[in-house]
Amino acid sequence: MTGTGLSSQAWLHRFAVLTAAAALGLIGLGGLVTSHGVGMAVPDWPNTFGYNMFFFPISKWVGGIFYEHSHRLAASAVGMLTTILALWLHGRNARPLMRWSGLALVALGVATCIGWPGHLADGVVLGGTGLILFGTSFVWPRCEPSSKLLRRLGLAAFVAVVLQGVLGGLRVALIKDQIGIFHATLAQLFFVLLCAIALFTSSKWRGINEEKASGAEKVAAPGAPVLSGAWVLLLATTLLVFGQLVLGATMRHQHAGLAIPDFPLAYGKLWPATDQASVESYNQHRQEVVSVNPITSLQIVLQMLHRIVAVLIAGAVACCAWILRRRLGARHPSSRLALAWLGLILLQVGLGAATIWSDKAADIATAHVLTGALSLAAGAILSMVCFRDLVFSRVAAQSAVTMEAWPRTSFAPKPAGTTQFH
Amino acid sequence: MTRNSTLLIVAGLAGTLQLASAGDIIGTVTIKGAPPKEKDITPLKDDAICGKFHADMPTTHFYVVGPNSELADVIVSVQGITGKSTGDAAPPVILNQQGCMYSPGIFAVQTGQKIVVRNSDPTPHNVHSRPQVDGNKEENVLQMPGQADMTFSFSKPEPFLNFECNVHPWMFSWCSVFDHPYFAISGKDGTFKIANVPAGKYTVQAAHRKLGAVTKEVEVTEGAPAKVDFTLEVK
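Reading guide: rules and limits
Residues numbered from 1 in each chain as written. Chains lettered and ligands numbered in written order. Predicted model: local features only at pLDDT ≥ 70, side-chain atom pairs only at ≥ 80, totals over all residues. Helix = DSSP H or I, 4+ residues; strand = E, 2+ residues; numbered from the N terminus. Contact = placed C-beta atoms within 7 Å. Axes fitted to C-alpha atoms, helices over the stretch in contact; angles between N-to-C directions. Parallel < 35°, antiparallel > 145°, perpendicular 65-115°, else oblique. Left-handed = near helix turned anticlockwise from the far one by under 90°. Nonpolar A, V, L, I, M, F, W, Y, C, P; charged D, E, K, R; others polar. Pairing = 2+ DSSP bridges. Domains from an automatic or database assignment. Buried ≥ 20, exposed ≤ 12 C-beta atoms within 10 Å, placed from the backbone. pLDDT = per-residue confidence, 0-100. Expected span 1.5 Å × (residues − 1). Core = buried A, V, L, I, M, F, W, Y, C linked by C-beta atoms within 7 Å.

1. Overview of the overall build of chain B
Then, number 1: Scanning chain B for helices and strands turns up two helices and 17 strands.
Then, number 2: For chain B, long-range pairs separated by at least 24 residues make up 64% of all intrachain contacts whose partners lie at least 6 apart in sequence.

Written out as structure tokens, the structure reads:
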């Protein structure tokens, strides 16, 4: 591995972290949009009140338009970062792709300007983007492509960010609240995907591989069956967190405010009445400032499920933290990460309660969304790390293969019959 | 000429008979029980532009209750009449956006009747109608300050059809759509009057957005108005 290669890998990792952080910020902005109930403040898409979004005058960013338009611009920035990341993962092989797609965009921009004079700004943006892409292709680093897995993940991230933009646009253009649920769900998956890319490009991930490669006996790897059990629990808990986020997104995109206004009880009971007369009574006493849709019994049941699943998640994450600490020791990175995960979950429970006590204050509800995203990412990262450790352990246990055969980085050729994790 | 005159006389007589066999339904709506306290609309007061229009903290107006429990904003309508809309010829209803609030907050129209939406504010609003009944079109359009009035209308009856502004998410108005002209909205003194209802026995409904609906039977005869009072209960 060359020094240049190491440096390039380090910068790639930093860029992946930056992209993931930007995606998290974007989720926060999206959370603000929904929490303020202003998702439909800009009724057209892909334009903004007829303007190309990059030319929409700042003087018109008033009220809910500010949040929605900021979300759109930030989404464009994340889209750009994701595109660069995906290209970077392809290394020098991205050059021809950039060149030709740049030329195609320039042609499209010129065609738009000529054939569609009313959309001059759109043509300029398209053509300008194409020119930048084309020009950049000549100075694009000639680094080696990353591993096949990373290249595929980069491509998946690119597809996801495009799909996410289209979903967000359709939610506005078709005026469909339901699309918002998919938009919110895909945002979480996209964030996890970027976190995975950041993890796989990290020196720590590569360093551990190298450590293992230098000799399995030096690593106090637990037995495969032990990690197997832990990994299954980690994965199941992470999936539970994901299900909880989908449930949360479903609740938020009902635009009905709080289905249950009190906590820890629910309408003063452990399980609230959900018959028609009771729901009518609840609606009579609800005084909403925003999100005025009346609540339904289904929404009450959804929130109760959200509370129950929260308890299950807290218990499951506590179990994960305890098991990893016991099996791997308190100082093991996975144990520490599991402890941090537990901290996030406890914070999330507190924020959930605060969301109710504050009558769904926008900033607190958004913090709840953000912590949810971080919780999912933490679970996913921990699952991936443990899965890798599990595979290492099994390989070490089942064969006497020397770990020198393990691929070190994308710069090292992959020996036949070995497993590559990045 | 003689034939035309005869037709006119017949039509006039028919019209007179129609009016003569119609009556009014009047009454008062009251509330039983204590409604919840209205909420401060803090985001409105905090808004840099809209907040200037309100010296005091604006509040929601879900329950407009008089000193003797009179209840305003209740939509009283005759049930069981369909296909009698005169909405095309009815005067338009003005829905004004002023001080970053919709006014009126509760109103009713006939199918086909024009709803003229006006922006009297120095800030943009988006007028977002959110019908739930098939056949009534959902729209979400921007109205800039000083922009010409916009016209909406709905072809199907629908209770409490929601108008909102997503630029200012505290702005709401609810419109009930009927396919006949026999409805009224209770005023601040709780009274209402449905005029020129054809004589006959009817079910009359009083519907409040929060309190739900109650019905009563009433017989309309020519001469004295039919009186029916309603009490809506906070459960």
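This is not the end of the story, as more comes after the structure.
2. Some words on the packing of helix α2 (residues 63-89) of chain A against helix α5 (residues 148-173) of chain A
Residues and elements named next belong to chain A.
Then, number 1: Between α2 and α5, the least distance of the axes is 8 Å, while the angle of their chain directions is 160 degrees. Here α2 is positioned roughly antiparallel relative to α5, judged by the angle of their axes. Seen from above, α2 lies across α5 with left-handed handedness. Between α2 and α5, the residues in contact are A75, V78, G79, T82, T83, L85, A86 and L89 and L150, R151, G154, L155, A157, F158, V161, G165 and G168, respectively.
Then, number 2: Of the residues that constitute the contact of α2 with α5, the class distribution is 10 nonpolar, six polar and one charged.

3. So, the sheet that holds strand β14 (residues 200-208) of chain B
All names here are of chain B.
Then, number 1: Taken together, the four strands give an open sheet; going across it, the order is β12-β2-β14-β15, and neighbouring strands pair in antiparallel fashion. Both outer strands of the open sheet, β12 (183-185) and β15 (212-220), are each paired with one neighbouring strand and no more. Averaged over all pairs of adjacent strands, the angle between their axes in this sheet comes to 20 degrees, without regard to strand direction.
Then, number 2: Across nine bridges, the pairing between β14 and β15 is antiparallel. Note that in β15 the partner of V204 across the bridge is K216.

4. A short note on the domain arrangement of chain A
Interfaces are often described in size by the accessible area the parts lose on coming together.
All names here are of chain A.
Then, number 1: By the assigned domains, chain A splits into domain 1 (1-90 + 145-215 + 405-422) and domain 2 (221-401).
Then, number 2: The interface of domain 1 with domain 2 comprises 24 residues on the first partner and 25 residues on the second.
Then, number 3: At the level of secondary structure, the elements contributing two or more residues to the side of domain 1 that touches domain 2 comprise α1 (3-35) and α6 (177-200).
Then, number 4: Examining the composition of the side of domain 1 that touches domain 2, we find that 11 residues originate from one element, α6, more than from any other.
Then, number 5: In terms of residue class, the side of domain 1 that touches domain 2 is built from 12 nonpolar, 10 polar and two charged.

5. Let's talk about unusual backbone geometry
Then, number 1: Of the consecutive residues F263 of chain A and P264 of chain A, the connecting peptide bond is found in the cis state with omega at 10 degrees.
Then, number 2: Inspection of the secondary structure assignment puts P264 of chain A in the loop between α8 (224-252) and α9 (276-285).
Then, number 3: Here the residue pair S103 of chain B and P104 of chain B is connected by a cis peptide bond, since its omega of 0 degrees sits within 30 degrees of zero.
Then, number 4: Position of P104 of chain B relative to the elements: it lies in the loop between β4 (101-103) and β5 (106-110).
Then, number 5: Backbone geometry at F49 of chain A places phi at a positive 50 degrees, although glycine is not the residue there.
Then, number 6: Mapped onto the secondary structure, F49 of chain A falls in the loop between α1 and α2.
Then, number 7: Overall, F49 of chain A belongs to the partly exposed group, with 17 C-beta atoms counted inside 10 Å.
Then, number 8: We note that I175 of chain A has phi near 50 degrees; this positive angle belongs to a residue other than glycine.

6. Observations concerning the confidence of the model for chain B
All names here are of chain B.
Then, number 1: Per-residue confidence for chain B averages 91 on the pLDDT scale, and 91% of its residues sit at or above 70.
Then, number 2: Below pLDDT 50 for its whole length, residues 7-19 participates in one contact with residues either more than four positions away or in separate chains.
Then, number 3: In the predicted assembly, ipTM is 0.82 and pTM is 0.86.

7. Details of α5 of chain A
Side chains of residues three or four places apart in an α-helix project in the same direction, reflecting 3.6 residues per turn.
Residues and elements named next belong to chain A.
Then, number 1: When the terminal C-alpha atoms of α5 are compared, their 37 Å separation across 26 residues agrees well with the 38 Å that a helix rising 1.5 Å per residue should span.
Then, number 2: Every buried residue of α5 is listed here: L150, L153, G154, A157, V161, Q164, G168, R171 and V172.
Then, number 3: Of the surrounding secondary structure, the elements contacted by the buried residues of α5 are α2 and α6.

8. Some details on the environment of V117 of chain B
Residue and element names in this part refer to chain B.
Then, number 1: Within the secondary structure, V117 is located in strand β6 (residues 115-119).
Then, number 2: The class of V117 is buried, set by 22 C-beta atoms lying within 10 Å.
Then, number 3: For the pair V117 and F183, spaced 66 residues apart in the sequence, the C-alpha separation amounts to 21 Å.
Then, number 4: Not counting residues up to four positions away in its chain, the partners in contact with V117 are L95, V127, Q143, D149, M150 and F152.

9. A few points about the nonpolar core
Residues and elements named next belong to chain A.
Then, number 1: Grouped together as the largest cluster of nonpolar side chains are 137 residues, with contacts concentrated most on F191, L194, C195, A196, I197 and A377.
Then, number 2: Among the elements that make up this core, the one with the highest residue count is helix α12 (residues 362-398) (15 residues).
Then, number 3: Three or more residues apiece are contributed to this core by two domains, here domain 1 (1-90 + 145-215 + 405-422) and domain 2 (221-401).
Then, number 4: F191 has contacts with A20, A23, L24, I27, A373 and A377, leaving out every residue within four places of it along the chain.
Then, number 5: Of all hydrophobic cores here, the second largest spans six residues; its members include L258, V279, Y282 and I295.

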